[in-house]
Amino acid sequence: MMNEHSDDPVVPTNDHAAVRRMVEAVVASMEARTGLLWRCLFALAVVAAVWGLGWSAWRIGAEGVGVLGVTNDVPWGLDIVHFVFWIGLGHAGTLISAVLLLTGQHWRSPIARGAELMTLCAVVCAAIFPVVHVGRIWMAWMVSPLPEVSGVWPDLSSPLVWDVLAVSTYFSLSVLYWGMGLVPDCAVLRDRCSSPWRRRLYGVLSLGWNGSGRQWAVYERCSVLLAVVLTPLVVSVHSVVSFDFAVTQVHGWHETMFPPYFVAGAILSGMAMVQLILLTVRKLSPAAVGGYITPRVVGMTSRFVLGLSLVMAVMYFWEAGTALLSGGNAWGMMAARCGDPVFWMMAACNVVVPQLFWVKRWRRSPWVVVPVACCVLVGMWSERWLIVVRSLEHGLWKAMDSQYVPTSVDVAMAVGALGLFVAMYMGMMKVAPFFSLCEMRSHLQSGVKEPVGGGDVGAERAMVKNPGEVPEESGGGTFFAFGDEDGLLRAVKSVTAANGMHVVAVSAPYPCEAVRLDEAWHGGVTRGRRLSVWGVCGGGIGVAVVVGWLYVTQVLADPLVVQGRVQGWGMWPGYVPGIFEGMLLGAGLALVFGFLVEGGFLSRRRGMFGEVEEGVIRTEEGCDFVMQVPGCSRSLVTALLEAEGMSYTVLCRDAGEESAGGDRVDGREAEGR
């Protein structure tokens, strides 16, 4: 009988050879030539991006923003519609990854990296539209926190300045979160890729990663803390985007429900885009990658879409009820929307169509998921159109009503942004693995481990002798490699239990039990806990910087220098979003810097550019789990391992030790029993 979780990509297994084959197949797929279909799609995306963005940029540069469809009555057109749409997609990606990490959902592994990459590509596409919308692109730097040439400071109580701060903060921390997650995988690719330029590239990106207990402790702690920082940041960023509308007096915009309304819609559209990406990757990728995007994973994303569609239904009823109770122009605006076919298309796509996911079989079927996801994206775009354009078309009185008609330049920019997104995503997939190799291996292998000899894991760890003052990791000594984590754990326990011997360091491709012991001996747990202090201090510095900026620009400056607005701390509610974003930016940057310091990545002997010290092993097939012992203990450890009947491989030994020919190697030297 088939197991009920047979299609789960993270079901634990004891087949270590199969797991290693999975890693090798992923590496091979990244180096292999792409298929004809992949190349055609990539070429089409590049042509669309170059034509759409290039031609529209030439038209706008030569003739001005008059080539767009905006008018005096509708100054915000498709530029802002697409900005909000792409920002929504971008903010959902990292939120999905961070929330699933904090809640311990193992099924996140096949989708987290892809969702994070979607964030980066979508935010880049979103940044195109406000830059064009300002008209004079060369003056876009004026929103930065610098005094302008005219002597006017940006007003930190303005929602547009909040928007710039929020989006730039989110993009910066999302890049760091995605990049930090790639460090262990880059080390795997550094050791296994056959292409010299790839080995060099991944050597730089891996920062000298060696998989020690200290590094794993700091990495895991920093990942969780960054997820804690990013979760409120994502919510605040799309709330700030909604403030661009909610703080105005335009009917259809001036609503207190906009922050949760925008956040829920962003997550819904983002999860729909993740579904399309998952199914496309499964179709175009080799079985080594696509095989882990199983029907169960697709079904879990469908549940999210279904739940969020119900949330959006509540939001639509809330909006209609608010307009009904308000009466006047608010109800007139709502009545006009109800007579618009776009409104009913939005409601059908965002609320009605996702109800198909109540059927389990349909939740997992690509033939149902793809149309539903496309409908959701169309519905969310329609919602942005109604909010931005239709609200401006209907003025406070009949004489102000007008009609907005997009031009060919507006359409070209939309097509160019879509092409840029697809081209960037497909290009990055050839550089970075679609899912975390280390995370997948950890879930596949660690979930079935029992303590060697049976018993409780915590009790086993307590029984292992702490070697006391263990020297810091160094490049010298002898390295014993084992085929799986069971062999490594048995060896570590045997060596530490023997008198006169100790383990200098332990290295593994994921944080297994032997790595946990190494963390305790070398202070890895303590170093990981210190990251919280780094984050708190960084957040405090971020708040101090923003408050200092406020004091200079809002208190000391002349009123005319701050656009004639009332100055002083009495306007403090308008300063809260900027201070909050500064706090999160400072905390995130401090956490990443703390990761580099506490993990030892800034030490000279390890190096920042992949040039690690002599003697640090570079793993090869079947030699992922490594134990380092002092060079003088080599013969004793060898005798002990052979007496235990364990299989091992000696990778290298201290350069200063006398040895028979062939000792000093970086590959296999001698096989144990």
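The rules behind these values
Residues numbered from 1 in each chain as written. Predicted model: local features only at pLDDT ≥ 70, side-chain atom pairs only at ≥ 80, totals over all residues. Heavy atoms only, no water. Salt bridge = Lys/Arg side-chain N within 4 Å of Asp/Glu carboxyl O. Buried < 20%, exposed > 50% of the residue type's maximum accessible area, 1.4 Å probe, protein only. Helix = DSSP H or I, 4+ residues; strand = E, 2+ residues; numbered from the N terminus. Pairing = 2+ DSSP bridges. Patch = residues over 30% accessible without salt bridge, like charges linked within 9 Å, V, L, I, M, F, W, Y side chains within 5 Å. Areas by Shrake-Rupley, 256 points an atom, 1.4 Å probe, with all protein chains shown as cover. Axes fitted to C-alpha atoms, helices over the stretch in contact; angles between N-to-C directions. Parallel < 35°, antiparallel > 145°, perpendicular 65-115°, else oblique. Left-handed = near helix turned anticlockwise from the far one by under 90°. Contact = heavy atoms within 4.5 Å. Nonpolar A, V, L, I, M, F, W, Y, C, P; charged D, E, K, R; others polar. pLDDT = per-residue confidence, 0-100. Phe/Tyr/Trp six-rings, centres within 6.5 Å; stacked < 30°, edge-to-face > 60°.

> In this structure, what is going on with the pattern of salt bridges? I would like to understand it.
Where charged atoms from two side chains of opposite charge approach closely, those side chains can pair. Taken as a whole and assessed by the stated rule, the structure comprises 5 salt bridges. Taking the shortest distance from any N to any O, the salt bridge between aspartate 191 and arginine 190 comes out at 2.9 Å. Here aspartate 191 falls in the buried class, since its relative accessible area comes to 11%. When its relative accessible area of 3% is taken as the criterion, arginine 190 is described as buried. Here glutamate 598 and arginine 530 are joined by a salt bridge, their closest N and O atoms 2.8 Å apart. With glutamate 598 in helix α21 (residues 576-598) and arginine 530 in helix α20 (residues 524-556), this pair connects stretches of sequence that are 68 residues apart.

> Before we go on, may I ask you to explain unusual backbone geometry in this structure?
Glycine aside, negative phi is the norm for most residues, and most peptide bonds take the trans geometry. One non-glycine residue, leucine 207, lies in positive phi territory at about 60°. The class for leucine 207 is buried, based on a relative accessible area of 15%.

> Which parts of the structure should I look at to understand the pairing of strand β3 (residues 625-629)?
Taken residue by residue, a regular strand's side chains alternate between the two faces of the sheet. The element β3 is largely enclosed, with a buried count of 5 among its 5 residues. For strand β1 (residues 478-482) and β3, the ladder comprises 5 bridges, and the chain directions are antiparallel. Directly across from phenylalanine 479, in β3, lies its bridge partner glutamine 628.

> How do you make sense of the environment of glutamine 215 when you look at a structure like this?
Here glutamine 215 shows up in helix α7 (residues 213-246). Overall, glutamine 215 belongs to the buried group, its relative accessible area being 1%. C-alpha separation for the pair glutamine 215 and serine 507, spaced 292 residues apart in sequence, amounts to 9.5 Å.

> Even after reading the chapter, I still don't get a nonpolar patch on the surface, so can you show me in this structure?
Among the surface-exposed residues, Leu310, Leu356, Trp358, Val359 and Trp362 lie close enough to one another that they form a single nonpolar patch of about 450 Å² accessible area. Within the secondary structure, tryptophan 362 sits in helix α13 (residues 360-364).

> Any chance you could explain the packing of helix α5 (residues 159-192) against α21 here in plain terms?
In a pair of packed helices, the angle between the axes and the distance between the axes together describe the arrangement. Packing of α5 against α21 brings their axes to within 10 Å, and their N-to-C directions diverge by 20°. Judged by the angle between their axes, α5 and α21 are roughly parallel. Judged by the sense of rotation from one axis to the other, the crossing of α5 with α21 is left-handed. Of the residues in α21, those in contact with Trp162, Leu165, Ala166, Thr169, Leu173, Leu176 and Met180 of α5 are Pro577, Gly578, Glu581, Leu584, Leu585, Gly588, Leu589, Val592 and Phe595. Tallied by class, residues from the contact of α5 with α21 come to 12 nonpolar, 3 polar and 1 charged.

> Explain the sheet that holds strand β2 (residues 505-507) to me, please; I cannot follow it from the model alone.
In a beta sheet, neighbouring strands pair by backbone hydrogen bonds and run either parallel or antiparallel. With antiparallel pairing, the 4 strands of this open sheet are ordered in space as β2-β3-β1-β4. Here the strands that pair on one side only, and so sit at the sheet edges, are β2 and β4 (649-650). In terms of strand pairing, β2 meets β3 through 3 bridges, oriented antiparallel. Pairing of valine 506 across the sheet is with methionine 627, part of β3. Sitting on the sheet, helix α18 (residues 485-497) is in contact with β1, β2 and β3, with an inclination near 20° to β3.

> Looking at this structure, I do not really get the packing of helix α10 (residues 295-326) against helix α12 (residues 341-352). What am I missing?
Across the interface, α10 lies against α12 with an axial gap of 8 Å and an inter-helix angle of 140°. By the angle between their axes, α10 is oblique relative to α12. Here α10 contributes Ser309, Ala313 and Tyr316 to the contact with α12, which in turn contributes Met346, Asn350 and Val351. Looking at the contact of α10 with α12, its residues break down into 4 nonpolar, 2 polar and no charged.

> So what exactly am I meant to see when it comes to the confidence of the model for the protein here?
When pLDDT is low, close inspection of the predicted coordinates is not appropriate. Looking at the protein as a whole, its pLDDT mean stands at 77, while 75% of the residues score no less than 70. Note that residues 1-6 has pLDDT below 50 and, in this model, 2 contacts with residues that lie over four places away or in other chains. Contacts for the low-pLDDT stretch residues 447-475, under 50 throughout, to residues beyond four places or in other chains number 62 contacts.

> Where do I start with the packing of aromatic side chains in this structure?
For any two aromatic rings, the description comes down to two numbers: the centre-to-centre distance and the angle of the planes. Tallying each qualifying case throughout the model produces 21 aromatic pairs. A centroid spacing of 5.9 Å and a plane angle of 75° characterise the contact between phenylalanine 85 and tryptophan 86, whose relative ring orientation is edge-to-face. The pair phenylalanine 85 / tryptophan 86 is uniform in exposure class, with both members buried. When the ring of phenylalanine 595 is compared with that of phenylalanine 601, the centres are 5.0 Å apart and the planes differ by 40°; the resulting orientation is tilted. Taken together, the ring pairs in this structure connect Trp76, Phe245, Phe258, Tyr261, Phe262 and Tyr316 into an aromatic cluster.

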